[in-house]
Amino acid sequence: MNRDSDEVESGVAHDNVLRKVRALLAKAESTNFGEEAESLNAKAQELMARYAIDVAMLDAKSGSSSSAIRVEIIIENPYWSAKASLLSRIAEANRCRSIWDTSRRIVTVFGFEVDIEHVDVLFTSLLVQASAALARHGSVRDTFGSSRTRSFRKSFLEGFAIRIGERLREASESAMQDEHQVRGESLLPVFVARKAEVDRAVEVAFPYLGAVSRSIGTNFAGYSAGRAAADSARLAPQARIGA
């Protein structure tokens, strides 16, 4: 069902969506049933995705001149690359692109404002959750008593990032499919155009960009534990970076 365009345009809808998302999150945190929590978390993620679709469609209908923007997010050590991977996968699932600057430990995210905001708050929330899950594992040693903590943690975060990316894409695709049933063929051209706009912004800023490979880590136990932690992670944003 389409939301009222006046409400979306006024900005009231944004606050309403965040309020609903936080309410869903509170219910998910209070339940003792894993399936119920997962259902509530997925609903919160799809709610944000549908709001982003509303904004995009309203912009297209009104002929808005809004364009892709960019934000730089500083990634702290340790495990810089694994954390950057998490941010990149969240960005991809939300129609954004990310470019890594390894010398400054900065990831630049390109996208439309509503999508970047989602990426911003979601990255903060999921990074906190990943750190808490890592802390519960404590130190890790192999069968010979040697420390494997560093490799375990890096692989844990890589596994967490990959699985989170999969879950976010699933939720976003579900929302897109549902909206396609309502809006018909008018939906696809809007998002094709927005993707092209994001790609152009990246090409202008980084005209000589090359391909970047991604690691999944070297510690299988850590990688598997990270994916498991991602399966139980909240998919609803709470606080923005720098807030």
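In this text, all values refer to a predicted model and were calculated from it rather than measured experimentally.

A. The pattern of salt bridges, seen in detail. Within the structure shown, the criterion is met by 16 salt bridges. Residue Asp54 pairs with Arg183 through a salt bridge whose shortest N-O separation is 2.4 Å. A residue pair is termed long-range when its members are at least 10 positions apart, and Asp54 in helix H3 (residues 34–62) and Arg183 in helix H6 (residues 149–183) qualify at 129 residues. Both residues of the pair, Asp54 and Arg183, belong to the buried class.

B. Looking closely at helix H4 (residues 80–93). Here H4 is 14 residues long and its end C-alpha atoms lie 20 Å apart, about the 20 Å a rise of 1.5 Å per residue gives. Here H4 lies mainly inside the structure; 12 of its 14 residues are buried. Burial in H4 covers these residues: Trp80, Ala82, Lys83, Ala84, Ser85, Leu86, Leu87, Ser88, Arg89, Ile90, Ala91 and Ala93. Looking one or two residues beyond H4, the residue adopting positive phi is Arg95, at roughly 65 degrees.

C. Region of interest: the sheet that holds strand S1 (residues 69–74). Taken in spatial order, the three strands of this open sheet run S1-S3-S2, and their pairing is antiparallel. Taken across any chain shown, the strands that pair with only one partner, and hence form the sheet edges, are S1 and strand S2 (97–101). In this sheet, adjacent strand axes meet at a mean angle of 20 degrees when their direction is disregarded. By the bridge criterion, six bridges tie S1 to strand S3 (residues 106–111) in an arrangement that is antiparallel. Its bridge partner lying in S3, Arg70 is registered against Phe110. Of the strands in this sheet, S1, S2 and S3 touch H4, which is tilted by about 160 degrees from S2. Those strands touched by helix H7 (residues 187–205) are S1, S2 and S3, and its axis lies near 140 degrees from that of S3.

Cut-off values and rules
Residues numbered from 1 in each chain as written. Predicted model: local features only at pLDDT ≥ 70, side-chain atom pairs only at ≥ 80, totals over all residues. Heavy atoms only, no water. Salt bridge = Lys/Arg side-chain N within 4 Å of Asp/Glu carboxyl O. Helix = DSSP H or I, 4+ residues; strand = E, 2+ residues; numbered from the N terminus. Buried < 20%, exposed > 50% of the residue type's maximum accessible area, 1.4 Å probe, protein only. Expected span 1.5 Å × (residues − 1). Pairing = 2+ DSSP bridges. Axes fitted to C-alpha atoms, helices over the stretch in contact; angles between N-to-C directions. Contact = heavy atoms within 4.5 Å.

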